[in-house]
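What follows is each chain in one-letter form.
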Amino acid sequence: PGVNDPTTAINCIHWIDFGLRQLVTRDFPPSLRQTENGDPRLLLPARDFNEMLDETCRKIMPFAATNGETARALLEMLAVVGTLGRSRSRKSCVAANIRAFFRLLLDELGPRTSEEVREFVVTRLANAELSGTFELPNVQILTHEGAGA
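The structure displayed is predicted, hence computed values, not measured ones.

Peer 1: Can you tell me about the pattern of salt bridges, naming the residues and giving the values?
Peer 2: Tallied over the entire structure, the rule returns five salt bridges. A salt bridge links E55 to R47, with the shortest nitrogen-to-oxygen separation between them at 2.8 Å. For R47, a relative accessible area of 42% puts it in the partly exposed group.

Peer 1: Can you break down the packing of helix α1 (residues 6–24) against helix α3 (residues 68–84) residue by residue, with the values?
Peer 2: Their axes nearest at 9 Å, the elements α1 and α3 cross at an angle of 5°. Accordingly, the angle class assigned to the pair α1 and α3 is roughly parallel. Facing P6, A9, I10, I13, I16, D17, L20, R21 and V24 of α1, the residues of α3 in contact are E69, T70, A73, L74, M77, V80, V81 and L84. Grouping the constituent residues of the contact of α1 with α3 by class yields 13 nonpolar, one polar and three charged.

Peer 1: Before we move on, can you summarise the environment of D107 with the specific residues and values?
Peer 2: Looking at the element boundaries, D107 is found in helix α4 (residues 88–109). In sequence terms D107 and A65 are 42 residues apart; their C-alpha atoms lie 9.1 Å from each other.

Peer 1: Describe the pairing of strand β2 (residues 40–43), with residues and values.
Peer 2: Across three bridges, the pairing between strand β1 (residues 32–34) and β2 is antiparallel. Within β2, the residue paired with L32 across the bridge is L43. Between β1 and β2, which pair antiparallel and follow one another directly, the connecting turn spans five residues, one of which, G38, has a positive phi of 90°.

Peer 1: Outline the nonpolar core, supporting the account with residue identities and numerical values.
Peer 2: Ranked by size, the top nonpolar core spans 24 residues in total, and within it L53, L74, M77, L78, V81, F101 and L105 carry the most contacts. Every element with two or more residues in this core is listed here: α1, α2 (49–64), α3 and α4. The dominant element in this core, judged by the number of residues it contributes, is α3, at seven residues. Not counting the four nearest positions on each side in its chain, F101 is found in contact with M61, A64, A65, A71, L74 and L75.

Peer 1: Outline α1, supporting the account with residue identities and numerical values.
Peer 2: Helix length check: α1, at 19 residues, gives a terminal C-alpha distance of 26 Å against a target of 27 Å (1.5 Å per residue), a fit within 8%. Buried within α1 we find A9, I10, I13, D17, L20 and V24. What you see down the axis of α1 is that its buried residues fit within an arc of 90°, all on one side. Set apart from the buried face of α1 by more than 90 degrees, the exposed residues are T7 and W15. Residues of α1 that are buried make contact with α2, α3 and α4.

Peer 1: Residues and numbers for the packing of aromatic side chains, please.
Peer 2: Counted under the stated rule, the structure contains one aromatic pair. Relative to F18, the ring of W15 has its centre 6.4 Å away and its plane inclined at 80°; by these criteria the two rings are edge-to-face. You can see W15 and its partner F18 sitting in helix α1, three residues apart, about one turn around the helix. Under the relative-accessibility criterion, W15 is labelled exposed at 66%.

What counts as what
- Residues numbered from 1 in each chain as written.
- Predicted model: local features only at pLDDT ≥ 70, side-chain atom pairs only at ≥ 80, totals over all residues.
- Heavy atoms only, no water.
- Salt bridge = Lys/Arg side-chain N within 4 Å of Asp/Glu carboxyl O.
- Buried < 20%, exposed > 50% of the residue type's maximum accessible area, 1.4 Å probe, protein only.
- Axes fitted to C-alpha atoms, helices over the stretch in contact; angles between N-to-C directions.
- Helix = DSSP H or I, 4+ residues; strand = E, 2+ residues; numbered from the N terminus.
- Parallel < 35°, antiparallel > 145°, perpendicular 65-115°, else oblique.
- Contact = heavy atoms within 4.5 Å.
- Nonpolar A, V, L, I, M, F, W, Y, C, P; charged D, E, K, R; others polar.
- Pairing = 2+ DSSP bridges.
- Core = buried A, V, L, I, M, F, W, Y, C linked by side-chain atoms within 4.5 Å.
- Expected span 1.5 Å × (residues − 1).
- Arc of directions from axis to C-beta.
- Phe/Tyr/Trp six-rings, centres within 6.5 Å; stacked < 30°, edge-to-face > 60°.

None of this, on its own, says anything about what the molecule does.
Here you go:
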């Protein structure tokens, strides 16, 4: 969603946000299930939180980068999920996705983007890389099409 309908994309991001908030605080069961005696019973495919987050973000980012409101919703989702994460691994995964999205935004901004907006994205990318923080200032994110958040 989001190519021509940012509202639907934002609603989907909110639903994904709800699910990720539930998952980021939980321990995942082992892929090997055993009987009470410890005998192997069932081997399930293992998926962890980081894989799910990466896969989800990879699919959303290209579309979110083309609309300011959608970009803002995705960044807010990542900021909240990163704050809730209990493990260093999960927080690092969220930070990596934030950095990847800021890099994508830089590519998407294009030559018509004001220097102020480009500087904002570069600064936020640098801050995310250096500090691993998940805070977002209350500013507009603009794409080359001029859509604002």
